[in-house]
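One-letter residues, chain by chain:
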Amino acid sequence: MVSFSALLSSVSLLVATFVPAVLADNPINPSFPYGSQKVRGVNLGGWLVLEPWITPSLFDNTGNSAIVDEWTFGQLQDRNTALSTLQNHWNTWITEQDFIDIANAGLNHVRIPIGYWAFEVGPGEPYISGQLPYLQKAITWARNHGLKVIVDLHGAPGSQNGFDNSGHRISFPQWHSNSTNVARTDAIIKQIASLFINDQDVASVIAPLNEPAGYDGSDVLSVVRQYWYDSYGNIRFPYGTSQQSNTLVLLHDAFQPLSYWQGFQTPPNWQGVAMDTHIYQMFSQDEVSRTNQQHIQAACSVGSSLSSFDLWVIVGEWTPAATDCAKYLNGRGVGARYDGSYPGSTYVGSCNGITGSASSFSSSYKQFLRQYWEAQTSTYEQGAGWIQWTWKAENADDWSYQAGLQNGWIPQDPTQRQYPNICS
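Residues numbered from 1 in each chain as written. Predicted model: local features only at pLDDT ≥ 70, side-chain atom pairs only at ≥ 80, totals over all residues. Heavy atoms only, no water.

> Talk me through the state of the cysteines; I want residue IDs and the actual numbers.
Under the defined criterion, the tally for this structure stands at two disulfides. There is a disulfide in this structure between C300 and C423, and the S-S distance comes to 2.0 Å. Disulfide C300-C423: torsion about the S-S bond near -75 degrees, hence left-handed. With C300 in helix α10 (residues 292-300) and C423 in the segment after α13 (401-407), this residue pair connects regions lying 123 residues apart in the sequence. The class of C423 is partly exposed, set by a relative accessible area of 38%. Cysteine pairing in the protein chain follows 1-4, 2-3, where each cysteine in a disulfide is numbered by its order in the sequence. (Disulfide = S-S within 2.5 Å. Helix = DSSP H or I, 4+ residues; strand = E, 2+ residues; numbered from the N terminus. Buried < 20%, exposed > 50% of the residue type's maximum accessible area, 1.4 Å probe, protein only.)

> Tell me about unusual backbone geometry, and please be specific about residues and values.
Look at the link from P267 to P268: it is a cis peptide, with omega at 5 degrees. Mapped onto the elements, P268 comes out in the loop between β5 (248-252) and β6 (273-278). Omega for the bond connecting W389 with T390 falls within 30 degrees of zero, at 15 degrees, which places this linkage in the cis form. Position of T390 relative to the elements: it lies in the loop between β8 (385-388) and α13. A positive phi is found at S159, a non-glycine position, where the angle reads about 70 degrees. Here S159 is to be found in the loop between β3 (148-155) and α7 (179-195).

> Can you break down the sheet that holds strand β1 (residues 39-43) residue by residue, with the values?
As summarised here, the arrangement of the eight strands in space is β1-β2-β3-β4-β5-β6-β7-β8, forming a closed barrel in which the pairing is parallel. Across the sheet, the axes of successive neighbouring strands diverge by a mean angle of 25 degrees, strand direction being ignored. When strand β2 (residues 109-115) meets β3, the two strands line up parallel, connected through seven bridges. Of the residues in β3, the one forming a bridge with H109 is K148. Against the sheet, helix α6 (residues 132-144) engages β2 and β3, with an angle of about 170 degrees to β2. Taken strand by strand, helix α12 (residues 363-380) contacts β7 (312-317) and β8, and its axis lies near 140 degrees from that of β8. (Pairing = 2+ DSSP bridges. Axes fitted to C-alpha atoms, helices over the stretch in contact; angles between N-to-C directions. Contact = heavy atoms within 4.5 Å.)

> Help me get a handle on the packing of aromatic side chains, residues and values and all.
If you walk through the whole model with that rule in mind, you get 31 aromatic pairs. Each ring, one from W90 and one from Y134, has its centre 5.7 Å from the other, and the planes form 50 degrees; the classification is tilted. With a gap of 44 residues between them, W90 in helix α4 (residues 79-92) and Y134 in helix α6 connect regions that are remote in the sequence. Judged by relative accessible area, which is 2%, W90 ranks as buried. Under the relative-accessibility criterion, Y134 is labelled buried at 10%. Considering the side-chain rings of W261 and F264, the 5.0 Å spacing of their centres and the 70 degrees angle between planes classify their relative orientation as edge-to-face. On the basis of relative accessibility, which here comes to 0%, the residue W261 falls in the buried class. (Phe/Tyr/Trp six-rings, centres within 6.5 Å; stacked < 30°, edge-to-face > 60°.)

> Residues and numbers for the confidence of the model for the protein chain, please.
Per-chain confidence: the protein chain averages 95 in pLDDT, with 94% of residues scoring 70 or above. Of the regions scoring below 50 in pLDDT, residues 2-24 engages in 23 contacts with residues more than four places distant in sequence or in other chains. (pLDDT = per-residue confidence, 0-100.)

> Summarise the nonpolar core; cite the residues concerned and give the values.
Counting 115 residues, the largest nonpolar core has W47, W53, F99, I112, W399 and Y401 as its most contacted members. Residues contacting W53, with those up to four places away along its chain left out, are A326, K327, Y328, L329, W389, T390, A393, A396 and W399. Counting twelve residues, the second-largest nonpolar core is a separate cluster that includes F32, V39, V205 and I314. (Core = buried A, V, L, I, M, F, W, Y, C linked by side-chain atoms within 4.5 Å.)

> Explain the pattern of salt bridges residue by residue, including any values.
Tallying each qualifying case throughout the model produces 13 salt bridges. R184 is the salt-bridge partner of E125, the closest N and O atoms lying 2.9 Å from each other. One end of the pair, E125, is in the loop between β2 and α6; the other, R184, is in helix α7, and 59 residues separate them in sequence. Here the two residues E125 and R184 agree in accessibility, since each one is buried. R143 is paired through a salt bridge with D199; the nearest N and O atoms lie 3.0 Å apart. Separated by 56 residues along the polypeptide, R143 in helix α6 and D199 in the loop between α7 and β4 (205-207) bring together distant segments of the chain. It is possible to trace a salt-bridge network through shared partners that takes in R111, D152, D276 and E317. (Salt bridge = Lys/Arg side-chain N within 4 Å of Asp/Glu carboxyl O.)

Structural data, given as structure tokens:
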């Protein structure tokens, strides 16, 4: 008898072997004119995948400092308590009103992170399921208000990066080193493609994996490359025939320079593939030590690489925040590089008045946030567009699109500019 995992492996092998043969592709006809109209959107972070820095109260209220991610959230507290907390969070953190507000802000996309455990949980995995009906509700809300949805698989079995936002904070990612993990992920992408097969007018993009840890070397990258091939077949051919979907396939750059991916899945043999790159300037000592002007210059400098790449490039995560000061940004119980409280870091300045509530922000700081926001959006529109991380956060207004709108550093119309020459 063939084991389930062996069967999955042989299926994904078949996909990998035969997909290139059926790629006499016609250009796809997505429900949004990618490449000619700019993607302008926000991530609905911390909703269907918990992140301690986005909703610190959910973690602090457990009274257990060992609960640092969604894995331990299910593992280290009473199951019913965890479930009722999650259900309340799913019902309240994002509602249809958010979709109304996002559409009214002139945005056209939402990217919705979801974990594999919304689809299936394996033996010994403490995750709590129940997210999927909310993703389906979100598709309806997006349709009601003229928004497109990027369905983003943000956490894979074994964790593709070891980050808390993959669901499981671990010292080294395990996804790539176990073929069963990859086969399970392939099966989930097939499930997602099938689930939204009649919603391509709204669920116009599937991102098959967020931020796989390509910086861990060729072992990871070779698995990622093969998984991107598998995903193309799974997303583009969901009907079980040679008929193709019109769904855009959004691949993450795995933290490699765009040049690494030059020539990968390009037309005419591959159609409707876009590259996702995430641009942050706070996850190293060098970056948090930059002056405001240096942050702006660094943002402005990426335009030519975005515009010259051979696929559409969407900057799928970025932020007007320029420090790692937000509480738990580096993990629950971990400090910030900016104020020297992160292990091995050097003090740059105080975190007071640059994260938390915007009521503590000075007018000059808000002016910088506006300049930095404009520098980034103007630059990222030299590519195919942008999706800010994130729509809302409990106590990190520097990261929140919603707070930026309310407090004036994000314009009500995302094309409006106070600093049209910020990059010149």
